[in-house]
There are 2 protein chains.
Amino acid sequence: MIIEYDGSQYHGSQIQPNAHTVQAALQEAIYRLTAEKAAVLFAGRTDTGVHACGQVIAFDTSASIPPQRWGLALNSVLPADIRVLESEEVSPDFHPRFQAVLKHYQYRIYRSPQGAVFQRHYAWCCTEPLNLEDMHRACPYLLGTHNFKSFCASGYTTKTFVRTVTYCRLREEGLYLLLDIAADGFLYNMVRIITGTLVDIGRGRIKPRDMEHIIASQERKNAGPTAPPQGLYLLQVDY
Amino acid sequence: MIIEYDGSQYHGSQIQPNAHTVQAALQEAIYRLTAEKAAVLFAGRTDTGVHACGQVIAFDTSASIPPQRWGLALNSVLPADIRVLESEEVSPDFHPRFQAVLKHYQYRIYRSPQGAVFQRHYAWCCTEPLNLEDMHRACPYLLGTHNFKSFCASGYTTKTFVRTVTYCRLREEGLYLLLDIAADGFLYNMVRIITGTLVDIGRGRIKPRDMEHIIASQERKNAGPTAPPQGLYLLQVDY
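Residues numbered from 1 in each chain as written. Chains lettered and ligands numbered in written order. Predicted model: local features only at pLDDT ≥ 70, side-chain atom pairs only at ≥ 80, totals over all residues. Heavy atoms only, no water.

A. Spotlight on the layout of surface pockets. Space inside the largest pocket adds up to approximately 1400 Å³. Lining the largest pocket are 39 residues; nearest its centre among them are Phe-118, Gln-119 and Tyr-176 of chain A together with Arg-108 and Tyr-176 of chain B. A class-by-class count of the residues in the lining of the largest pocket yields 21 nonpolar, ten polar and eight charged. (1 Å grid on protein atoms, 1.4 Å probe; cavity = no way out; pocket = protein on both sides within 12 Å on 5 of 7 lines; lining within 4 Å. Points joined across faces, edges and corners; volume = space filled by probe spheres on them. Nonpolar A, V, L, I, M, F, W, Y, C, P; charged D, E, K, R; others polar.)

Given below as structure tokens:
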């Protein structure tokens, strides 16, 4: 299934005790429809407050609902901030995370000197002016295959910090500044730390060409701050 | 002051017992700053879930905060879903409602077949196709001075149902359909009933030229349904 959700009211995607999570909401909805205790697999974990427009999920079921009708059925019992957009049957060995080949994220910055009541859960509201030319200049350093440890939350362990970024571009849309980025996979907080670093560049705290050294250093402390969660959207997953 | 607010979490603008309202939030914030029990006047009442981008408020104070600093001061104690955009000193007899000469509203419709998690508090999500040409054709009947009783919530009493609509136009913005309307004043639910009637025209339930008869009948039952509150925005008030 391809689903979208407003992450504002959720403690992230993954189930955890005593927390309102997207996975728990989905599993409850599936249980209400089928009385089956499904284990829902996600293409990508999203943190508290992070949104998805094209999250991919999968689960096993022996219910007799036709695959294409599952979307309508689940939407009738899901909370209004989670919607199934598409549903289809896949082979039993399909895993939405392990088989993903490319993930597309967007980070939304809203440039307003006064804060923004309608954007506060859906973008990072930046009140300082940003030098867009410098921000644009820093993006190409991120392209290609690198060890991205500098852009990974410290303390996080993984087999390899090497990832391949396919595109990384900034564009303006009215007061919004949108960062579109895709990679074969992302480290923990990677898009948010890249965004925080680009904003520090836009604020003049870091020079655009320092991006190269930040990557090479493999040191989290050399990168910028972690941008807040509410600007981040998982847009699409390719298989 | 000119203020904006996200009405999603409020039981409307006007203070009432045991309810979370925009007026109560403002008066609490003023009290925290000044220890004064202000009575905040509004240019226009907004219902539960209705938003404002340019609401005008006024109140008396003997606090020593300079007029232009009031915005910053109040924003430091207001909840994040209410922001002061501008503040200035006015004459003691200024009344934001009685002295308003033109009010501008916008109604936002979001056309999506699948519902819309990010728009659900900020627009009316219409899943049915709408005939825009017919909707456009119906708008001019609303222009000018008319008795608008057909577009007033039934049971509501007022000295006169006569209002003058200065403009009423629809425009597309991606999946959004925006109705911009201005008048010297609006009856209770007037913009929402006009919107509901236009959407009924877009659905083919009412013919565009019937708009003329609906106005002339002065009967609420001849107009369309009341559009939901979350699509409505008070944009601007002119003096």
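B. Region of the structure containing the packing of aromatic side chains. Inspection of the entire model under this criterion finds 19 aromatic pairs over all chains. One aromatic cluster in this structure is built from Phe-118, Tyr-122 and Tyr-233 of chain A together with Phe-118, Tyr-122 and Tyr-233 of chain B. One cation-aromatic arrangement involves Arg-108 of chain B over Tyr-233 of chain B; the distance from NZ or CZ to the ring centre is 5.8 Å. Note that Arg-169 of chain B overlies the ring of Tyr-167 of chain B, its terminal NZ or CZ placed 4.1 Å from the centroid. (Phe/Tyr/Trp six-rings, centres within 6.5 Å; stacked < 30°, edge-to-face > 60°. Lys NZ or Arg CZ within 6 Å of the ring centre and 35° of its normal.)

C. The arrangement of the relation of the copies chain B and chain A in detail. By a simple turn and slide, chain B fits onto chain A: the slide is 0.0 Å along the axis, the RMSD is 0.0 Å, and the turn is 180 degrees. Here the symmetry operator amounts to a two-fold rotation axis. Taken as a fraction of all interface residues of chain B, those also at the interface in chain A reach 95%, which identifies the copy contact as same-surface. (Least-squares fit on C-alpha atoms with pLDDT ≥ 70 in both. Contact = heavy atoms within 4.5 Å.)

D. Examining the pattern of salt bridges more closely. Residues and elements named next belong to chain A. Applying the stated criterion across every chain, the model contains 24 salt bridges over all chains. A salt bridge links Arg-203 to Glu-128; its shortest N-O distance comes to 3.1 Å. Placement of the pair is Arg-203 in the loop between α4 (190-202) and α5 (210-217) and Glu-128 in the loop between β6 (124-126) and α3 (132-138), with a sequence separation of 75 residues. Accessibility expressed as a relative area gives 25% for Arg-203, which makes it partly exposed. What makes Glu-128 partly exposed here is its relative accessible area of 34%. The network of salt bridges with common partners includes Glu-128, Asp-200, Arg-203 and Arg-205. (Salt bridge = Lys/Arg side-chain N within 4 Å of Asp/Glu carboxyl O. Helix = DSSP H or I, 4+ residues; strand = E, 2+ residues; numbered from the N terminus. Buried < 20%, exposed > 50% of the residue type's maximum accessible area, 1.4 Å probe, protein only.)

E. Examining the state of the cysteines more closely. Residues and elements named next belong to chain A. The full count for this structure, using the stated rule, is zero disulfides over all chains. With no disulfide of its own, Cys-139 has Cys-168 as its nearest cysteine by sulfur position, at a separation of 4.0 Å. The class of Cys-139 is buried, set by a relative accessible area of 3%. (Disulfide = S-S within 2.5 Å.)

F. View of α5 of chain A. Residues and elements named next belong to chain A. All of the buried residues along α5 are Met-211, Ile-214 and Ile-215. Seen along its axis, α5 keeps its buried residues to an arc of 95 degrees; they face one direction. Away from its buried face, by an angle of more than 90 degrees, α5 presents the exposed residues His-213 and Ala-216. Those residues of α5 hidden inside the fold are in contact with α3, β7 (144-147) and α4. Backbone geometry just downstream of α5 places Gln-218 in the positive-phi region, at approximately 55 degrees. (Arc of directions from axis to C-beta.)

G. Examining the domain arrangement of chain A more closely. Residues and elements named next belong to chain A. Along its sequence, chain A is carved into domain 1 (2-86) and domain 2 (102-238). Of note, the centres of domain 1 and domain 2, computed from C-alpha atoms alone, are 27 Å apart. Residue-level contacts link 15 residues of domain 1 with 15 residues of domain 2. Sorting the residues of domain 1 by area buried against domain 2 places Asp-47, Val-50 and His-51 first, and these three jointly supply 40% of that buried surface. In this assembly, domain 1 and domain 2 are joined by one salt bridge. In this structure, Asp-47 engages Arg-192 in a salt bridge whose closest nitrogen and oxygen atoms are separated by 3.6 Å. Among the residues forming the side of domain 1 that touches domain 2, the class breakdown is five nonpolar, seven polar and three charged. (Domains from an automatic or database assignment. Buried area = accessible area lost by both parts, 1.4 Å probe.)

H. Broad picture of the confidence of the model for chain A. Within chain A, residue pLDDT values average 96, and 100% of them lie at 70 or more. Here the predicted complex carries an ipTM of 0.86, next to a pTM of 0.90. (pLDDT = per-residue confidence, 0-100.)

I. Quick look at the interface of chain B and chain A. Chain B puts 20 residues into the contact, and the matching count from chain A is 19 residues. Of the roughly 1500 Å² buried at the junction of chain B and chain A (both faces included), carbon and sulfur atoms supply 61%. The three residues of chain B that bury the most area against chain A are Gln-114, Val-117 and Phe-118 of chain B, which together make up 42% of that side's buried surface. The tally of links between chain B and chain A comes to four salt bridges. Residues Arg-120 of chain A and Asp-6 of chain B are paired through a salt bridge, measuring 3.1 Å at the closest nitrogen-oxygen approach. Counting across the chain B and chain A interface gives four residue pairs in polar contact (both at pLDDT 80 or more). The element that contributes the greatest number of residues to the side of chain B that touches chain A is strand β4 (residues 82-86) of chain B, accounting for four residues. Split into classes, the residues belonging to the side of chain B that touches chain A amount to twelve nonpolar, three polar and five charged. (Polar contact = N/O pair within 3.5 Å; in protein donor to acceptor, adjacent residues only side chain to side chain.)

J. Expanded view of the side chain of Gln-106 of chain A. All names here are of chain A. Relative to the helices and strands, Gln-106 is located in strand β5 (residues 102-111). Exposure remark for Gln-106: the relative accessible area of 7% places this residue in the buried category. Polar contacts involving the side chain of Gln-106 include one to the side chain of Arg-108, which spans 3.0 Å. Aside from chain neighbours lying at most four places away, what touches Gln-106 is Arg-171, Leu-178, Leu-179, Asp-180, Gly-231, Leu-232, Tyr-233 and Leu-235.

K. Focus on the side chain of Gln-55 of chain B. Residues and elements named next belong to chain B. Mapped onto the secondary structure, Gln-55 falls in strand β3 (residues 51-58). Residue class for Gln-55 comes out buried when judged on its relative accessible area of 0%. Polar contacts involving the side chain of Gln-55 include one to the main-chain amide nitrogen of Ala-43, which spans 3.3 Å. There is a polar contact of 2.7 Å between the side chain of Gln-55 and the backbone oxygen of Gly-44. Excluding residues within four positions of it along the chain, Gln-55 makes contact with Met-1, Ile-2, Ile-3, Tyr-5, Phe-42, Ala-43, Gly-44, Thr-46 and Leu-234.

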